[in-house]
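Summary of the model geometry
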Amino acid sequence: MTVSGMRGTGGVDPAARKDRLPSARPASSSGANGIEDRVTLSSAARAPQIPEKFRGMSGQAHADPKLAEELAYNYAHSEQSPLIDLSDLEAGTGPAKYAATGEPVTAESELRYKEMSASLLTASASLYSKEKANGTADADILDKLLSMLGSQSDEFRTIIDLGT
Amino acid sequence: MKRRLTLGLTILAMAVGCATDLSGNEDESDSEDGVIALPDSWARQDIQASPSTGAIDKSPGSESRTGVGPTIYSKNVLYTLTLPFAAPHAGPLTSVVYNWGLSYKPAGLTVYLCRNTTSTCVTITSLQSGSTTAFNPQTSNVPFILAFIVSDTGTMSPAFGQTDQVIINHS
């Protein structure tokens with residue numbers, strides 16, 4: 001016997017769950033019978049969405065307070081930079097390129113990404129200060145910072161090698 | 001005469017591939033008394049810092065690698081300093097702290113910090129001392145490379161390399 005569409009079993013991927021919600025449907029709306037429908041997200045769904053690449057690191061930080069302190073501080077105070085491929089430049093066959101896209105580095109693109117990095121850095125430092133003042137654990141601050149990183153635009157995520 | 005001797009020693013050092021510390025023999029004020037343009041073929045493009053002679057300090061969770069950076073003689077040539085790993089640290093990176101120097105900063109200078117090869121680099125021109133999390137959580141047991149290029153036209157006075165350092169923090 002196969003059971004499908006079981007409710008209340010837990011372990012639902014929040015991203016997948018979100019995808020299944022009708023896109024035009026607000027979080028709270030009236031159905032045909034006039035009864036208001038509500039969507040309530042579980043604590044798992046409300047948890048910060050840490051990029052896949054950093055989940056192992058986050059796990060380590062939760063088990064090691066000293067590491068968590070170091071990482072939270074580093075992510076709050078280090079600018080996120082595009083990864084650049086110099087191999088053509090080194091060979092004398094072409095300019096520096098963005099490692100993720102192969103697009104050449106230009107003054108305009110450098111300026112655009114610099115502005116994105118600076119904006120993220122300001123927000124990260126502000127979040128860090130606020131959470132420290134609230135007494136939040138460093139590992140949880142780290143998760144919030146990594147989630148903020150993961151919530152950047154696809155373009156920026158790609159260029160800093162976070163994937164899309 | 002002293003300047004000619006210094007230049008001669010520099011060329012000799014390039015010829016034998018020595019990582020000789022030439023800092024202190026030239027400063028920004030010296031560059032004003034004349035422009036020396038050397039052929040590109042003379043430019044030392046890569047310096048390999050040897051783990052056996054470099055100052056490598058190891059402590060739990062971090063590793064310091066130092067080397068004398070390249071002297072930049074020509075524009076539009078990529079000069080690199082490779083800082084190889086000396087100990088088999090397997091832990092993922094948590095940050096890389098860097099410190100680089102030149103006798104002066106030529107207009108059009110761009111400085112990069114690369115992990116393993118020159119195909120994965122970040123720009124570190126604006127801060128001579130700083131740190132980055134860009135390579136997290138990759139492994140630390142690979143070479144790190146500092147790369148320098150002056151993108152401009154015309155000739156330039158040599159910008160002498162100074163002691164460069166990366167401190168690799170890993171979990």
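Our structure's up above, just so we're on the same page.
Turning our eyes to something else, we now look at the packing of helix H3 (residues 55–63) of chain A against helix H7 (residues 138–150) of chain A. Residue and element names in this part refer to chain A. Between H3 and H7, the least distance of the axes is 9 Å, while the angle of their chain directions is 165 degrees. Considered as vectors, H3 and H7 are oriented roughly antiparallel to each other. For the crossing formed where H3 meets H7, the hand is right-handed. Mapping the contact onto sequence places Ser58, Ala61 and His62 in H3 and Ala139, Leu142, Asp143 and Leu146 in H7.

Moving on, we come to unusual backbone geometry. Residue and element names in this part refer to chain B. Following Asn136, the chain continues to Pro137 via a peptide bond in cis, the omega torsion being -10 degrees. Positionally, Pro137 belongs in the loop between strand S8 (129–132) and strand S9 (144–150). You will see that Asn76, though not glycine, has its phi angle at about 65 degrees, which is positive. Locating Asn76 in the fold gives a position in the loop between strand S3 (62–68) and strand S4 (79–83). In this structure Asn76 comes out as partly exposed when scored by C-beta crowding, with 13 C-beta atoms within 10 Å. The backbone of Asn116 sits at a positive phi, close to 75 degrees, despite the residue not being glycine. Examined against the element boundaries, Asn116 turns out to sit in the loop between strand S6 (109–115) and strand S7 (121–123). The exposure class assigned to Asn116 is partly exposed, which follows from the 15 C-beta atoms found within 10 Å.

With that settled, consider the environment of Glu52(A). Structurally, Glu52(A) is set in the loop between helix H2 (43–46) and H3. Taking the C-alpha atoms as reference points, Glu52(A) and Gly150(A), 98 residues apart in sequence, are found 9.2 Å from one another.

Residues and elements named next belong to chain B. Most of S6 is tucked away: 5 of the 7 residues are buried. Bridge count for S6 against S9 is 7 bridges, and the pairing is antiparallel. Across the sheet, residue Leu109 finds its bridge partner in S9, namely Val150. Note that S6 and S7 share 3 bridges and pair antiparallel. Paired with Leu113 across the strands is Val122, a residue of S7. Where S6 folds back on S7, the antiparallel hairpin that results is connected by 5 residues, among which Asn116 adopts a positive phi of roughly 75 degrees.

Parameters and conventions
- Residues numbered from 1 in each chain as written.
- Chains lettered and ligands numbered in written order.
- Predicted model: local features only at pLDDT ≥ 70, side-chain atom pairs only at ≥ 80, totals over all residues.
- Axes fitted to C-alpha atoms, helices over the stretch in contact; angles between N-to-C directions.
- Helix = DSSP H or I, 4+ residues; strand = E, 2+ residues; numbered from the N terminus.
- Parallel < 35°, antiparallel > 145°, perpendicular 65-115°, else oblique.
- Left-handed = near helix turned anticlockwise from the far one by under 90°.
- Contact = placed C-beta atoms within 7 Å.
- Buried ≥ 20, exposed ≤ 12 C-beta atoms within 10 Å, placed from the backbone.
- Pairing = 2+ DSSP bridges.

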